[in-house]
Amino acid sequence: PAGPRRCVAARGLGNPGCSRASAPDQAAVGQGRLGAVLNFQTRVSDLTGLPLAGASLLDEASAAAEAMHLCHAAAKPGRDVFFVAEDCHPQTLAVVQTRAEPLGIEVRVGPASGIDAAGERLFGALLQYPTSDGRIEDYAGAAARIHAAGALCVVATDLLALTLLRPPGEFGADVALGNSQRFGVPLGFGGPHAAFFAVRDELKRLMPGRLI
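Residues numbered from 1 in each chain as written. Predicted model: local features only at pLDDT ≥ 70, side-chain atom pairs only at ≥ 80, totals over all residues. Heavy atoms only, no water.

Let's talk about the pairing of strand β6 (residues 175–179)
For a regular strand, the rule is simple: side chains alternate between the two faces of the sheet.
Thinking step 1. β6 sits mainly inside the fold: five of its five residues count as buried.
Thinking step 2. Here β6 shows no split at all, with Val-175, Leu-177 and Asn-179 on one side and Ala-176 and Gly-178 on the other all buried.
Thinking step 3. Where strand β5 (residues 152–157) lies against β6, three bridges are found, and the strand directions are parallel. Residue pairing for β6: Val-155 is matched across the bridge by Ala-176.
Thinking step 4. As paired strands, β6 and strand β7 (residues 195–199) are joined by five bridges and run antiparallel to one another. What sits directly across from Gly-178, in β7, is Phe-196. (Buried < 20%, exposed > 50% of the residue type's maximum accessible area, 1.4 Å probe, protein only. Helix = DSSP H or I, 4+ residues; strand = E, 2+ residues; numbered from the N terminus. Pairing = 2+ DSSP bridges.)

Okay, structure coming up:
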């Protein structure tokens, strides 16, 4: 049979026939990756105060859109309004609005105190914690109003800030999300740390991304 050199010369470096199906170190590399993702998920769960966290989401804005989809999937039929607090990051609002349009979801923007105006059509609301301009709000009352309306509370937050602030899960958040760049992962780096996503246990079947 052809040896490795002859195989490379005859068939090219990209031919899978020139290498074995698996290498001895692949299992160890795979286990290391799984361990890293598990550590990441555990840290996110600890900081957000929610029992279950995933990995492999792209960025905060698209994670917020995924949260909107999750809330819509969990909602009762006929609910088509998603509320976004006016002090959320502008790029987050833009992505949420873009993703909502083809689904027929109405995105309402306003102060957190205006959540009640959506009435029985509300299925979810997004709050920014801290806000886009750096304010730290107490959202316990807002979360209670969201739940009273039969909707889910989504909180976009910052992991580094959560080392000092009250975890969203403690004041009623059903979903917490954000990006991990404040922990030293640069824009465009990729991997499981680009965005984080954590949920209550009841929502685990609807959670996007990867779960280890």
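Section: helix α3 (residues 60–74)
Structurally, the α-helix is built with 3.6 residues per turn, so residues lying three or four positions apart point the same way.
Thinking step 1. Given a rise of 1.5 Å per residue, 15 residues ought to cover 21 Å, and the 21 Å separating the end C-alpha atoms of α3 matches this to within 8%.
Thinking step 2. Listed as buried for α3 are Glu-60, Ala-61, Ser-62, Ala-63, Ala-64, Ala-65, Ala-67, Met-68, Leu-70 and Cys-71. (Expected span 1.5 Å × (residues − 1).)

Considering a nonpolar patch on the surface
Thinking step 1. Taken together, the side chains of Leu-34, Leu-38 and Ile-212 define a hydrophobic patch exposed on the protein surface, amounting to about 230 Å² of accessible area.
Thinking step 2. By secondary structure assignment, the location of Leu-34 is in helix α2 (residues 26–48). (Patch = residues over 30% accessible without salt bridge, like charges linked within 9 Å, V, L, I, M, F, W, Y side chains within 5 Å. Areas by Shrake-Rupley, 256 points an atom, 1.4 Å probe, with all protein chains shown as cover. Salt bridge = Lys/Arg side-chain N within 4 Å of Asp/Glu carboxyl O.)

Focus: the nonpolar core
Thinking step 1. In this structure, Phe-82, Leu-127, Val-175, Leu-177 and Phe-197 are the most contacted members of the largest nonpolar core, which totals 59 residues.
Thinking step 2. With residues near it in sequence (within four places) discarded, Leu-177 still touches Glu-60, Ala-63, Ala-64, Ala-67, Val-154, Val-155, Ala-156, Thr-157, Phe-196 and Phe-197. (Core = buried A, V, L, I, M, F, W, Y, C linked by side-chain atoms within 4.5 Å. Contact = heavy atoms within 4.5 Å.)

Some points on the pairing of β7
Thinking step 1. Counting buried positions along β7 yields five of five residues, so the element is predominantly enclosed.
Thinking step 2. The side-chain alternation of β7 yields two buried faces, one formed by Ala-195, Phe-197 and Val-199 and the other by Phe-196 and Ala-198.
Thinking step 3. Here four bridges tie strand β1 (residues 52–57) to β7, and the two strands are oriented antiparallel to one another. Across the sheet, Ala-53 pairs through a bridge with Ala-198, a residue of β7.

Describing unusual backbone geometry
Thinking step 1. Cis geometry marks the peptide bond from Tyr-129 to Pro-130, where omega comes out at -5°.
Thinking step 2. Position of Pro-130 relative to the elements: it lies in the loop between β4 (122–129) and α5 (140–148).
Thinking step 3. Of note, the phi angle at Ser-56 is positive, near 75°, even though the residue is not glycine.
Thinking step 4. Locating Ser-56 in the fold gives a position in strand β1.
Thinking step 5. Judged by relative accessible area, which is 34%, Ser-56 ranks as partly exposed.

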